[in-house]
Amino acid sequence: MYKIAFIDLDGTLLNQYGAVEEETRKILKNIMDKGTDIVLASGRPVDAIKQIAKEIESKNYFIAGNGALIYDLQKDEIIYKETIKKEKVLEIIKICNENNIYYNIYTKNEILSSELKYNVLYYYKENQKKEEINKTKINIVQDIYKYIEEKDEEILKITVCDENKAIFDSILKRLKKVKGIEVLEVEHMSRKVIKNGTDTVEINYYYTEIMLKDTDKWKAIQYLIDKLDIQKEEIIGIGDNSNDKQMIENAGLGIVMKGSAKEIIDIGNYVTEQTNNENGVAKALEKFI
């Protein structure tokens with residue numbers, strides 16, 4: 001029997017509008033009632049994941065910031081963290097500012113951004129459908145460098161975005177030369193959908209995510225399963241993107257979402273028959289549990 005299923009959020013558990021389908025909620029509850037725990041493993045900040053965990057009735061742990069921290073829901077506290085040092089964050093911000101490329105900073109509880117674009121615009125639109133307590137906190141800051149310099153923030157990750165491939169590839173090369181950080185390799189564009197009145201609008205952009213070196217979801221999972229005395233053969237990892245790679249590769253059962261990039265599909269044990277808009281996670285878990 002699988003004891004825990006670690007599940008990514010965007011592009012995996014959540015549909016294109018950032019919501020959990022009602023059918024998926026029911027199936028996840030049934031699975032937890034039968035004894036398999038559900039642990040969310042996302043790049044989002046703590047408060048954003050906490051509300052989704054509450055929505056699906058996951059009550060034990062979740063992983064935030066692509067493995068930068070583990071949150072214990074029972075104790076309401078962080079039990080593991082690997083955050084980026086302030087000096088390194090300022091170095092990355094300086095590179096982005098000098099090259100006039102968009103970025104945002106994920107702290108423990110909020111996203112810092114200079115304007116509503118790309119991923120932050122998506123979260124902003126997603127927030128409009130949510131109650132205040134369930135919203136992803138977005139802090140628009142005019143001078144992010146100065147803000148970080150003056151405050152003592154715990155930085156989980158930095159996201160860098162641009163819709164021009166040539167510009168994006170150029171900044172990526174510079175970022176990879178910075179020591180002590182992990183720059184996520186993402187080959188394809190992110191494609192998200194938002195509602196603008198009665199119209200449906202796509203947001204398309206290239207992006208990378210920057211964490212502390214050797215920080216990823218699998219490393220956090222290893223810490224947690226060692227603490228719980230669970231073997232990796234007893235866990236499921238479900239995801240769709242490069243930040244899920246190690247989790248999918250190392251879990252006893254690695255499940256990849258239909259429509260994921262080929263390099264992710266190739267490493268999975270199973271590819272879902274349905275997408276994240278069609279209860280793909282729930283259907284896959286029903287098949288194996």
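Before any of the text, the structure's been laid out above.
No experiment lies behind these values; they were computed from the predicted model shown.

Basis of the calculations
Residues numbered from 1 in each chain as written. Predicted model: local features only at pLDDT ≥ 70, side-chain atom pairs only at ≥ 80, totals over all residues. Heavy atoms only, no water. Helix = DSSP H or I, 4+ residues; strand = E, 2+ residues; numbered from the N terminus. Buried < 20%, exposed > 50% of the residue type's maximum accessible area, 1.4 Å probe, protein only. Contact = heavy atoms within 4.5 Å. Pairing = 2+ DSSP bridges. Salt bridge = Lys/Arg side-chain N within 4 Å of Asp/Glu carboxyl O. Arc of directions from axis to C-beta. Polar contact = N/O pair within 3.5 Å; in protein donor to acceptor, adjacent residues only side chain to side chain. Axes fitted to C-alpha atoms, helices over the stretch in contact; angles between N-to-C directions. Phe/Tyr/Trp six-rings, centres within 6.5 Å; stacked < 30°, edge-to-face > 60°. Lys NZ or Arg CZ within 6 Å of the ring centre and 35° of its normal.

Caption draft 1: Geometry of the environment of L90. Here L90 lies in helix 4 (residues 86-98). Looking at L90, the relative accessible area reads 11%, which means it is buried. For L90 and E115, which are 25 residues apart along the polypeptide, the C-alpha to C-alpha distance reads 18 Å. Residue contacts for L90: discarding those within four places in its chain leaves Y145, I148 and E149.

Caption draft 2: Main features of the pairing of strand 9 (residues 155-162). Burial of strand 9 is extensive: eight of the eight residues sit out of reach of the surface. Here six bridges tie strand 6 (residues 102-107) to strand 9, and the two strands are oriented antiparallel to one another. Across the sheet, I105 pairs through a bridge with I158, a residue of strand 9. Relative to strand 12 (residues 199-212), strand 9 runs antiparallel, the two sharing five bridges. Residue I158 lies in a different strand from strand 12, and its bridge partner there is I210.

Caption draft 3: Up close: the environment of L40. By the element assignment, L40 lies in strand 2 (residues 37-41). The exposure class of L40 is buried, given its relative accessible area of 0%. Taking the C-alpha atoms as reference points, L40 and K173, 133 residues apart in sequence, are found 31 Å from one another. Among all residues touching L40, those that are not within four sequence positions of it are I7, L9, L13, I49, I52, A53, I56, Y61, F62 and I63.

Caption draft 4: Quick look at unusual backbone geometry. Positive phi values are uncommon outside glycine, yet N100 reaches one of about 50°. A relative accessible area of 71% places N100 in the exposed class. One non-glycine residue with positive phi stands out, namely D229, at about 55°. Structurally, D229 can be placed in the loop between helix 8 (217-227) and strand 13 (235-239).

Caption draft 5: Structural detail: the pattern of salt bridges. Under the criterion given, the structure shown has 21 salt bridges. Put simply, E132 and K135 hold a salt bridge, and the shortest N to O gap is 3.3 Å. When its relative accessible area of 61% is taken as the criterion, E132 is described as exposed. By relative accessible area, K135 is classed as partly exposed at 24%.

Caption draft 6: Spotlight on helix 8. Three or more residues of helix 8 are buried, namely K217, W218, A220, I221, L224 and I225. Relative to the axis of helix 8, the buried residues are bounded by an arc of 155° and lie together on one face. For helix 8, the capping residue at the N-terminal end is D216, with a side-chain oxygen 2.9 Å from the backbone nitrogen of W218. Among the residues trailing helix 8, D229 stands out with phi positive, at a value near 55°.

Caption draft 7: How the structure looks around the sheet that holds strand 1 (residues 4-7). With mixed pairing, the eight strands of this open sheet are ordered in space as 5-4-3-2-1-13-14-15. The open sheet terminates on both sides in strands that have one partner only, identified here as strand 5 (77-81) and strand 15 (270-271). With respect to the sheet, helix 3 (residues 46-56) is in contact with strand 2, strand 3 (61-64) and strand 4 (69-72), its orientation differing from that of strand 3 by roughly 145°. Relative to the sheet, helix 8 contacts strand 1, strand 2, strand 3, strand 4, strand 5 and strand 13, its axis offset from that of strand 5 by approximately 115°.

Caption draft 8: The environment of I181, seen in detail. Positionally, I181 belongs in strand 10 (residues 181-183). Ignoring any residue separated from it by four or fewer positions in sequence, one finds I181 in contact with K88, I92, L175, I210, M211, L212 and K213.

Caption draft 9: Structural context of the packing of aromatic side chains. In this structure the tally under the stated criterion is eight aromatic pairs. For the pair Y122 and Y123, a centre-to-centre distance of 5.9 Å together with 55° between the ring planes defines the contact as tilted. Taken together, the ring pairs connect Y102, Y118, Y205 and Y207 into an aromatic cluster. Directly above the aromatic system of Y106 lies the positively charged group of K157, at a separation of 4.3 Å from the ring centroid. Taking the ring centre of F288 as reference, the NZ or CZ of K287 above it sits at 5.9 Å.

This is a description of form; function is not addressed.
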